[in-house]
Amino acid sequence: MKIINATLRKTSGLHTVSWEGERISDIRVQAGRVSAEPGDIDAQSQLLIAPLVEPHIHLDATLTAGEPEWNMSGTLFEGIERWAQRKETITHEDTKLRAHTTIRMLAEHGIQHVRTHVDITDPTLGALKSMIEVREEARGLIDLQIVAFPQEGIESYAGGRELMERAVELGVDVVGGIPHFENTREQGVSSILFLMDLAERSGCLVDVHCDETDDPNSRFLEVLAEQARVRGMGSRVTASHTTAMGSYDNAYCFKLFRLLKLSGINFISCPTESIHLQGRFDSYPKRRGVTRVAELDRAGMNVCFGQDSIKDPWYPLGNGNILRVLDAGLHICHMMGFEDLARSLDLVTDNSARALNLGDRYGIAVGRPANLVLLDADSDYEAVRRQAKARVSIRGGKVLMTRVPERVEFMGL
Ligand code: 17E
Ligand code: FE2
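Residues numbered from 1 in each chain as written. Chains lettered and ligands numbered in written order. Predicted model: local features only at pLDDT ≥ 70, side-chain atom pairs only at ≥ 80, totals over all residues. Heavy atoms only, no water.

**Considerations on the overall build of the chain**
Here's step 1: Helix and strand content of the chain: 13 helices and 16 strands.
Here's step 2: By the compact-globule yardstick of 22 Å for 413 residues, the chain fits well, its C-alpha radius of gyration being 21 Å.
Here's step 3: Reported as C-alpha extents along the three principal axes, the dimensions of the chain are approximately 65 × 55 × 50 Å.
Here's step 4: In the chain, which comprises 413 residues, the proportion classed as buried is 59%.
Here's step 5: Contacts in the chain between residues at least 24 apart in sequence constitute 76% of all its contacts with a sequence separation of at least 6.
Here's step 6: Charge separation in the chain, taken as the distance between the mean sites of 47 positive and 58 negative side-chain charges, equals 4 Å. (Helix = DSSP H or I, 4+ residues; strand = E, 2+ residues; numbered from the N terminus. Rg over C-alpha atoms; globule rule 2.2 N^0.38 Å. Buried < 20%, exposed > 50% of the residue type's maximum accessible area, 1.4 Å probe, protein only. Contact = heavy atoms within 4.5 Å. Lys, Arg positive; Asp, Glu negative; His and termini not counted. Charge placed at Lys NZ, Arg CZ, Asp CG, Glu CD.)

**So, a nonpolar patch on the surface**
Here's step 1: Residues Val408, Phe410 and Leu413 make up a contiguous nonpolar surface patch of about 440 Å² in total accessible area.
Here's step 2: With respect to the helices and strands, Val408 occurs in the segment after β16 (398-402).
Here's step 3: Residue Val408 is classed as exposed on the basis of its relative accessible area of 60%. (Patch = residues over 30% accessible without salt bridge, like charges linked within 9 Å, V, L, I, M, F, W, Y side chains within 5 Å. Areas by Shrake-Rupley, 256 points an atom, 1.4 Å probe, with all protein chains shown as cover. Salt bridge = Lys/Arg side-chain N within 4 Å of Asp/Glu carboxyl O.)

**Describing the site of ligand 1**
Here's step 1: Around ligand 1, 13 residues are found, and the nearest of them are Gln151, Glu212, Glu273, Asp308 and Ser309.
Here's step 2: For ligand 1, a nitrogen atom lies 2.7 Å from a polar atom in the side chain of Gln151.
Here's step 3: A distance of 2.8 Å is found between a nitrogen atom of ligand 1 and a side-chain nitrogen or oxygen belonging to Glu212.
Here's step 4: For ligand 1, whose accessible area on its own is 260 Å², the fraction buried by protein is 100%.
Here's step 5: In terms of residue class, the shell around ligand 1 is made up of 5 nonpolar, 5 polar and 3 charged. (Near = heavy atom within 4 Å. Polar contact = N/O pair within 3.5 Å; in protein donor to acceptor, adjacent residues only side chain to side chain. Nonpolar A, V, L, I, M, F, W, Y, C, P; charged D, E, K, R; others polar.)

**Overview of the coordination of the iron ion (ligand 2)**
Perfect tetrahedral coordination of a metal by four donors corresponds to 109.5 degrees between them, and perfect octahedral coordination by six donors corresponds to 90 or 180 degrees.
Here's step 1: Only His56 (NE2), His58 (NE2), His209 (NE2) and Asp308 (OD) from the protein reach the iron ion (ligand 2) as donors, at distances of 2.1 to 2.3 Å.
Here's step 2: Read in sequence order, the donor residues coordinating the iron ion (ligand 2) give the pattern H-x1-H-x150-H-x98-D. Of this pair, His58 sits in the loop between β6 (52-57) and α1 (76-87) while His209 sits in strand β10 (residues 205-210), placing them 151 residues apart in sequence. (Donors = N, O, S within 2.8 Å, 3.2 Å for Na, K, Ca; no water.)

**Notes on empty space enclosed by the protein**
Here's step 1: Inspection of every chain in the model, using the stated rule, returns 3 cavities of 30 Å³ or more.
Here's step 2: The volume enclosed by the largest cavity comes to roughly 90 Å³.
Here's step 3: Residue lining of the largest cavity: His58, Leu76, Phe149, Gln151, Ile178, His209, Glu212, His241, Glu273, Asp308, Ser309 and Trp314, and that is the complete set.
Here's step 4: Residues that form the lining of the largest cavity fall into these classes: 4 nonpolar, 5 polar and 3 charged.
Here's step 5: Of the voids in this model, the second largest cavity is the one considered here, and its volume is about 40 Å³.
Here's step 6: Taken together, Leu52, His109, Asn321, Ile322, Leu323, Leu375, Ala388, Lys389 and Ala390 form the lining of the second largest cavity. (1 Å grid on protein atoms, 1.4 Å probe; cavity = no way out; pocket = protein on both sides within 12 Å on 5 of 7 lines; lining within 4 Å. Points joined across faces, edges and corners; volume = space filled by probe spheres on them.)

**A short note on the pairing of strand β3 (residues 23-29)**
Here's step 1: The sheet contact formed by strand β2 (residues 14-20) and β3 spans 6 bridges and is antiparallel. The residue bridging Glu20 from the neighbouring strand is Arg23, located in β3.
Here's step 2: Adjacent in sequence and paired antiparallel, β2 and β3 are bridged by 2 residues, among which Gly21 carries a positive phi angle near 60°. (Pairing = 2+ DSSP bridges.)

**Describing the packing of aromatic side chains**
Here's step 1: Using the criterion set out here, one finds 4 aromatic pairs in the structure.
Here's step 2: For the ring pair Phe77 and Phe181, a centre distance of 6.4 Å and an interplane angle of 25° mean the geometry is stacked. Residue Phe77 is located in helix α1, and its partner Phe181 is located in the loop between β9 (174-175) and α5 (185-202); the two are separated by 104 residues in the primary sequence.
Here's step 3: By relative accessible area, which is 38% here, Phe77 ends up partly exposed.
Here's step 4: Residue Phe181 is classed as partly exposed on the basis of its relative accessible area, which comes to 22%.
Here's step 5: Ring geometry for Trp83 versus Trp314: centroids 6.3 Å apart, planes at 45°, classification tilted. In this pair, Trp83 sits in helix α1 while Trp314 sits in the loop between β13 (302-305) and α10 (322-332), placing the two residues 231 residues apart along the sequence. (Phe/Tyr/Trp six-rings, centres within 6.5 Å; stacked < 30°, edge-to-face > 60°.)

Below is the structure:
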């Protein structure tokens, strides 16, 4: 099969992209517009991209906002309390149904790669067992990476270390952490040493909720980055949130950036989540509570955007559309210059794929999986400005989803 008259990112001219079976077999620049043969998909000059990526979401908690109570303060801490209440009532079927419903929302928006954190601070590991089944059942729609996420701490939660180890045995892809939530600074540091050992031993990737607070004294990122550096694991390690970096002074950040760069770790920012949860202890001036996305990017580091939540105890909105988060993130992070807009999809495609270590399982190149998304726009700029939807989503060479563009008619004109 093939798609004709496609615009590809960062190249000029129209292209034909062909595949045989599950893999891309040919990519060819056209001399001009060509006409369709039977079975061809005509892109009509629109943008053909590798699938959108959701690098950070909590599928075990989605669609539970208000159950049993709403988060009234809007803080991370009340979110964790509200979730602890809801966690007592989760069942195998409840978790699976909500995860599958959410995955469908993501797939509808052209997402085919997802990394989910799953709370393992539960002696039964119930949510994790459900998610391991979901990972298989959802393969037709997405590739799912599961993070063992200790929501209530590794050192501060009874049996936390053992639960992390059991989660790895059950078969997670990624080891997580939450050092800023541990009871003491020392526990935060030792939790990082523990999780890095566990990852190194098991071969798992690492993705730590790191310094998700406005407290400028929350400095676990330097510990994580140094551990990644000395172990040579940088490209396999991600620091999520790092919102405290929005409150670090420039003198400290200058020194920190040197280490971050040496470490080679990845960064994930969840700008809609952070603009909502952070700044909650400020009056005015009120901090944005978001990490230094533009500065990390300018310094040549790998940074991307995630949704984090959809209608859960931490964040009441969201609908699976990562371009909505991209739009908000570009605003919040002061990244609305033309050059940023013209490559803005990097933040929700290639950079995210790199953070997830997708390697040659991702991207439009001969030999790679025929996972392709045709967007209803002809450039990154227009895609984000118009909140373009996925017109066609192809997975493993098969059409997974099509969307009929909406039609608006003005009466009597
Ligand atoms: N848990 C957490 O610690 N932080 C978050 N942003 C969410 C869950 C959504
Ligand atoms: Fe998160």
